[in-house]
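Reading the structure
Spelled out from the first residue to the last, the chains are:
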Amino acid sequence: MFDRSANPVGPHCGTERSFDQPAFGAAFRNSCTQEWMIWSLAIWGRYEIRGGALECIVVGGGWAGLAVSGELTARGIQHRLFERHRIAETWRTQRWDSFRINTPRHQTVMPGERDTSGDPDGAMPVAEFIALMQDYAGRRGLPVECGREVRRIEPHGRGYRIELDRETVLSRCVVVASGDQNVAVRPALAANVPDAVAQYDATSYRNPTSMPEGAVLVVGSGQSGGQIAEDLIRAGREVYLSTSRVARQTHSYRGRHSMAWMVDTGIMDIPKANLLAAGPIPTRALVGADHTISLQSLSAQGVQLLGRLTAIDAGRAHFDSDVSVNVAFGDTTAAETKARIDAWLTANGIMAPAARTDPAETVVPTLPDPAILELDLTQSVGSVVWCTGVRGDYTFLRVPAVLDNRGAPIESGGLTRVAGLCIAGVPYSVSRRSGTILAAAPDAERMVNHVEMVLRSN
């Protein structure tokens, strides 16, 4: 029998290793000293259920974990949320300085919240997004404990044993929201880059001035690669961009942000099964946060477009000759999305402003002539930025039948094969919106429904 006694408001994380305990007044606001930690853990003892187990543990203090915690709190389900550093840590430490959120402000909201900025289609700076999450945790009184690293989760009886840095707890249910996009992935050929050339990832790049002198080779032309290439070229750096067949998205269309149309038309809700039927799920499209970015617009600014990187040997990088094909592929996919929006407007009898010409789409590509098929990395290239994917680190999850042979979670809609264990924030888990803040509310509701079912079954 679970003891659902009063769910105390707990500390939430803001600045480096700081806690806020609003239920006990501002006088208790202190830095995270060892004495404070011991005292706060004694307070958290009130969350324990008779028999020594908790109802639920949430791992990770990003938007996905906070959304789940918010739903658990709203339903009176006692839980603790462990965050190994600070709220929104990945957004603090794995985004470049000029980074802006790709969804418009009116979509960049936590469950139950709404945009009040007066700029609904604007692009939110990352610092504001971090503040948004901190504010949500504070106002909702979420039981977030910062500086608490989960080292191991394993089955224990009818629940789970969670090993932390300073304690071990038992819980009937666990929601892992540690992030599926916080470990950069480099191709094997990165090992062949000469030692004198500095290497970065999309997660470690910060700004153009923090990099060594010389040209920069950006590998990958999805949203991170395109945005970083533009950040560099606007700062006057010499930039090469290795491209591939990546879809492209227009920033605005027919009077609205394209993401607003994509939600209304159902494009963001295309089921994962339908996407897989067309082949491997593609890289997120090339998109600019506050304007359209296309390969041709990058070339017009001075970025030298290369084909797909195929090999690196003896200090030389080799590329295929498909640059024009890659430019055309981006144009085709952008046109297909616009056509789908047009068809939806017509079918629903909705009047919208006429489409306007977007210079980023109409500018003529400026391609190297002849095409650059080889680049001597030992001569003028000072650094490489790998924008070739990210993954999650679930090595702490020691539960059979939950991870595949690549270490990725086996789940559907965040629900695993094991009762009481959910994984939040996984891209394409249900549809295109999965893995974005657009999925925060439905994902949290689905997972907490599962948690309630498991608790009732006990």
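Residues numbered from 1 in each chain as written. Predicted model: local features only at pLDDT ≥ 70, side-chain atom pairs only at ≥ 80, totals over all residues. Heavy atoms only, no water.

Looking at an unreviewed UniProt entry, the chain carries the name NAD(P)-binding domain-containing protein, with the source organism given as Albidovulum salinarum.

With that settled, consider empty space enclosed by the protein. Evaluation of the coordinates by the stated rule reveals two cavities of 30 Å³ or more. What lines the largest cavity is Ser221, Ser244, Val246, Ala247, Arg248, Leu286, Leu295, Asn326, Val327 and Gly330. Counting residues per element, the lining of the largest cavity draws most heavily on helix α9 (residues 323-347), which supplies three residues. For the lining of the largest cavity, the per-class residue count stands at five nonpolar, four polar and one charged. Estimates place the volume of the second largest cavity at around 40 Å³. For the second largest cavity, the full set of lining residues is Gln249, Thr250, Tyr253, Ser258, Ala334, Thr337, Lys338 and Ile341. A total of four residues in the lining of the second largest cavity trace back to one element, the largest contributor, which is α9. When grouped by side-chain class, the residues that make up the lining of the second largest cavity number three nonpolar, four polar and one charged. (1 Å grid on protein atoms, 1.4 Å probe; cavity = no way out; pocket = protein on both sides within 12 Å on 5 of 7 lines; lining within 4 Å. Points joined across faces, edges and corners; volume = space filled by probe spheres on them. Helix = DSSP H or I, 4+ residues; strand = E, 2+ residues; numbered from the N terminus. Nonpolar A, V, L, I, M, F, W, Y, C, P; charged D, E, K, R; others polar.)

By definition, a disulfide links the sulfur atoms of two cysteines through a covalent bond. Scanning all chains against the criterion turns up zero disulfides. This cysteine, Cys56, is not joined by any disulfide, and Cys173 carries the nearest cysteine sulfur, 5.5 Å off. Take Cys422: it sits in no disulfide, and the sulfur closest to it among the cysteines is that of Cys173, at 7.3 Å. (Disulfide = S-S within 2.5 Å.)

Here the amide bond leading from Asp369 into Pro370 is cis, since omega sits at 5°, within 30 degrees of zero. As for its position among the elements, Pro370 is in the loop between α10 (359-362) and β21 (374-376). The phi angle at Ala314 is positive, at roughly 50°, despite the residue not being glycine. Looking at where Ala314 falls in the secondary structure, it is placed in the loop between β19 (309-313) and β20 (316-319). In this structure, Tyr428 takes a positive phi of about 60° despite not being glycine. As for its position among the elements, Tyr428 is in the loop between β24 (421-423) and α11 (440-457).

Let us look at the environment of Leu189. Within the secondary structure layout, Leu189 lies in the loop between β12 (183-184) and β13 (198-201). Its relative accessible area of 18% is what places Leu189 among the buried residues. Separated by 124 residues in sequence, Leu189 and Asp313 place their C-alpha atoms 8.6 Å apart. Beyond its immediate stretch of four places on either side in the chain, Leu189 contacts Leu309, Thr310, Ala311, Ile312 and Trp386. (Buried < 20%, exposed > 50% of the residue type's maximum accessible area, 1.4 Å probe, protein only. Contact = heavy atoms within 4.5 Å.)

Attention now moves to the pattern of salt bridges. According to the stated counting rule, one finds 30 salt bridges in the structure shown. Between Arg152 and Glu154 there is a salt bridge, with its nearest N and O atoms 2.8 Å apart. The network of salt bridges with shared partners includes Arg80, Glu145, Arg148, Asp165, Arg166 and Glu167. (Salt bridge = Lys/Arg side-chain N within 4 Å of Asp/Glu carboxyl O.)

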